[in-house]
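A structural walkthrough
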Amino acid sequence: MARIAVRNAFLDAKSKHSDLLVPWCTYTDPEVAHVGLYEHELDDKSIPYDSYIRQLKDVDRCKCEGITKGFVKISCVKDSDSILGATIVAPNAGDLISELSVAIQNGIGVKDIAGVMHSYPTTAEAIRQCCAQFFPKLRTPALNRALEIRMTQVAAAKDS
């Protein structure tokens, strides 16, 4: 809150406390970090949403380090890539949540995050992989049929 007062006083900013996006972290093992709205808050406000989850046990870096528990969960406006909230349960979740805080604060959606190359292998790759789950929602029955036809053509060409 003091940061807002200083920015408003010296930088001619017009920030309000209500605009403040505050990430938090509980330093347990594993850490729990969150930013934005929770699913129960979205439900209470009757805001339709989609949630995407990536389990850490399925992320290559975590497999290498023997991490079997934890996840990245991102909630977006239904049928949109606009992020409403995110939770990370992981070692160093407090460090990882910053990427999603910046995204929410600056209106960066899951499509854009999914398109950013992340260092590999890293635990942060779980965020990109979670965001990439948005893309199958863009598939329509017509697109699925067109892909099916094309795959049949490619398979037939290989056989001849």
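**Digging into the overall build of the chain**
In terms of regular secondary structure, the chain is built from 7 helices and 5 strands. Order of helices (α) and strands (β) in the chain, N terminus to C terminus: α-β-β-α-β-α-β-β-α-α-α-α. By the compact-globule yardstick of 15 Å for 160 residues, the chain is too spread out, its C-alpha radius of gyration being 20 Å. Put simply, the chain has 160 residues, and 31% of those count as buried. For the chain, the exposed area adds up to about 10,100 Å²; of that, 56% sits on carbon and sulfur atoms.

**Let's talk about the nonpolar core**
Side chains that are nonpolar tend, in soluble globular proteins, to be buried together. In this structure, I74, I83, I88, L100 and I127 are the most contacted members of the largest nonpolar core, which totals 29 residues. Among the elements of the structure, β2 (31–36), β4 (71–77), β5 (83–90), α4 (93–105), α5 (110–114) and α6 (125–132) are those that each provide at least two residues to this core. Here this core gets 6 residues from one element, more than from any other, and that element is α4. In contact with I127, not counting residues within four places along its chain, are V72, I74, I88, L96, E99, L100 and I113.

**Quick word on α6**
Most of α6 is tucked away, with 6 of its 8 residues classed as buried. Buried within α6 we find E125, A126, I127, Q129, C130 and C131. Those residues of α6 hidden inside the fold are in contact with β3 (49–55), β4, β5, α4 and α5.

**So, α4**
Taking 1.5 Å per residue as the helical rise, α4 with its 13 residues ought to reach 18 Å, and the 18 Å between its terminal C-alpha atoms agrees with that figure. Those residues of α4 that fall on the buried side of the exposure criterion are A93, G94, L96, I97, L100, S101, A103 and I104.

Cut-offs used in this document
Residues numbered from 1 in each chain as written. Predicted model: local features only at pLDDT ≥ 70, side-chain atom pairs only at ≥ 80, totals over all residues. Heavy atoms only, no water. Helix = DSSP H or I, 4+ residues; strand = E, 2+ residues; numbered from the N terminus. Rg over C-alpha atoms; globule rule 2.2 N^0.38 Å. Buried < 20%, exposed > 50% of the residue type's maximum accessible area, 1.4 Å probe, protein only. Areas by Shrake-Rupley, 256 points an atom, 1.4 Å probe, with all protein chains shown as cover. Core = buried A, V, L, I, M, F, W, Y, C linked by side-chain atoms within 4.5 Å. Contact = heavy atoms within 4.5 Å. Expected span 1.5 Å × (residues − 1).

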